[in-house]
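Structure assessment
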Amino acid sequence: MIIHHPLLGPRDAQEFTYLGDATLIDRPDAMAEGALEAFDAYLHLRDNPAGTHRELWYHEVGDRSWLVVTRDTRTHEITQVELARDVALSKGRGR
Amino acid sequence: MADLTPITPLGGTTLRSETIGALRIAEGDDWALASVAARAGQAQAVGAGLRELTGLDLPGPGGMASAGDWRALWLSPESWLLAAPLAQEPDIADTVKRPVGDGASVTEQTDAWVRFDITAPDDDRLWPLLERLCNIDPACAGPGTATRTVMEHLAAILLREGAGRAAVLGARSSAASLHHALVAAARSVA
């Protein structure tokens, strides 16, 4: 599998490690009302789609950046690769 | 004072060098290394400070730049590895920290790495060796690039110094394994 790194171009999947669902970026606020339920869902509940899936990959033996990869779980076709940093910043994180 | 005997990255008293067919693989220990990671929002100021020190512009993704005795290679977004001759910069982290101050985190890296210089008559005789070691596309790794990748399960940085010339930076703790991989691959293409 080839992952088209946004900065470094096409790189072999053996340079990466896989973390899982990209919703891990949306860590709940521990101080908010209902934080216990929110963290239970954050930790344990995952969709398991047969189709398009957004997931986190780490370029471990590369530039060590985290990527959000959009992959079809049936075909392994990758349709989009973004820097996780950009995704998190676009959601107003990092402040 | 203790009477210490310096050893090379491969553990010997002299640097190893082998010629295998048209390829030469030589252990090198004459670079001082320091990593520089710009702190949030400081990348431009760090670039300006280091330009004054080294005379070079910090390279972008996958790039390597050199000016005079200094060279810089891109490691990750807003972080670089700087190299200078060890004899001239025995305390490179201090030299690099001075112009960047609190704008960047600087870490001494000299003894963390081993360098192997690979010389071939031209790229056509260099790439058969590199192709057996890593899965980097030759079209993306011409002279002036620095690419971190896997060689024989070890993380390594491939530096393209020029036509037919490359250097491989690997962890010094596994220098002998990396050396074995390079020599075995060279024998298989010689």
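Sequence order as written defines residue numbering, which begins from 1 separately in each chain. The order in which chains are written sets their letters, starting at A; the order in which ligands are written sets their numbers, starting at 1. It should be noted that, the model being predicted, local features are given only for residues of pLDDT at least 70 and side-chain atom pairs only at 80 or more, the latter also being counted only at that level, while totals for whole chains, interfaces and linings use all residues.

**Details of the domain arrangement of chain B**
All names here are of chain B.
- For the purposes of this description, domain bounds are those given by an automatic or database domain assignment. According to the domain assignment, chain B consists of domain 1 (17-29 + 111-189) and domain 2 (31-110).
- Each of domain 1 and domain 2 was reduced to a C-alpha centroid, and the two centroids are 23 Å apart.
- Between domain 1 and domain 2, the residue contacts involve 10 residues of the former and nine residues of the latter.
- Elements represented by at least two residues in the side of domain 1 that touches domain 2 include exactly strand E8 (113-119) and strand E9 (146-151).
- Classification convention: Asp, Glu, Lys, Arg as charged; Ala, Val, Leu, Ile, Met, Phe, Trp, Tyr, Cys, Pro as nonpolar; all other residues, Gly among them, as polar. Residue classes in the side of domain 1 that touches domain 2 are distributed as four nonpolar, four polar and two charged. Placing C-beta atoms from the backbone, we regard two residues as in contact once those atoms come within 7 Å. We count a stretch as a helix when DSSP gives it H or I for four or more residues in a row; a strand needs E for two or more, and each element gets its number in order from the N terminus.

**Digging into the interface of chain B and chain A**
- Each partner contributes to the interface: chain B provides 12 residues, whereas chain A provides 12 residues.
- Counting residues per element, the side of chain B that touches chain A draws most heavily on E9 of chain B, which supplies three residues.
- Within the side of chain B that touches chain A, the residues separate by chemical class into six nonpolar, four polar and two charged.

**So, the pairing of strand E2 (residues 9-12) of chain A**
Residue and element names in this part refer to chain A.
- Judged from the four bridges that link them, strand E1 (residues 2-5) and E2 form a sheet pairing that is antiparallel. Its bridge partner lying in E2, Ile 2 is registered against Asp 12.
- Any two strands with at least two DSSP-identified bridges between them are counted as paired. Taking the residues between adjacent antiparallel strands as the criterion, E1 and E2 are bridged by three residues.

**Re the pairing of strand E2 (residues 23-28) of chain B**
Residue and element names in this part refer to chain B.
- With four bridges connecting them, strand E1 (residues 17-20) and E2 associate as antiparallel partners. Counted as the bridge partner of Glu 18 is Ile 25 from E2.
- Between E1 and E2, which follow one another and run antiparallel, lie two residues, and Gly 21 among them has a positive phi close to 60°.
- One ladder, built from five bridges, connects E2 with E8; its direction is antiparallel. If you follow Ile 25 over to E8, its bridge partner there is Ile 118.

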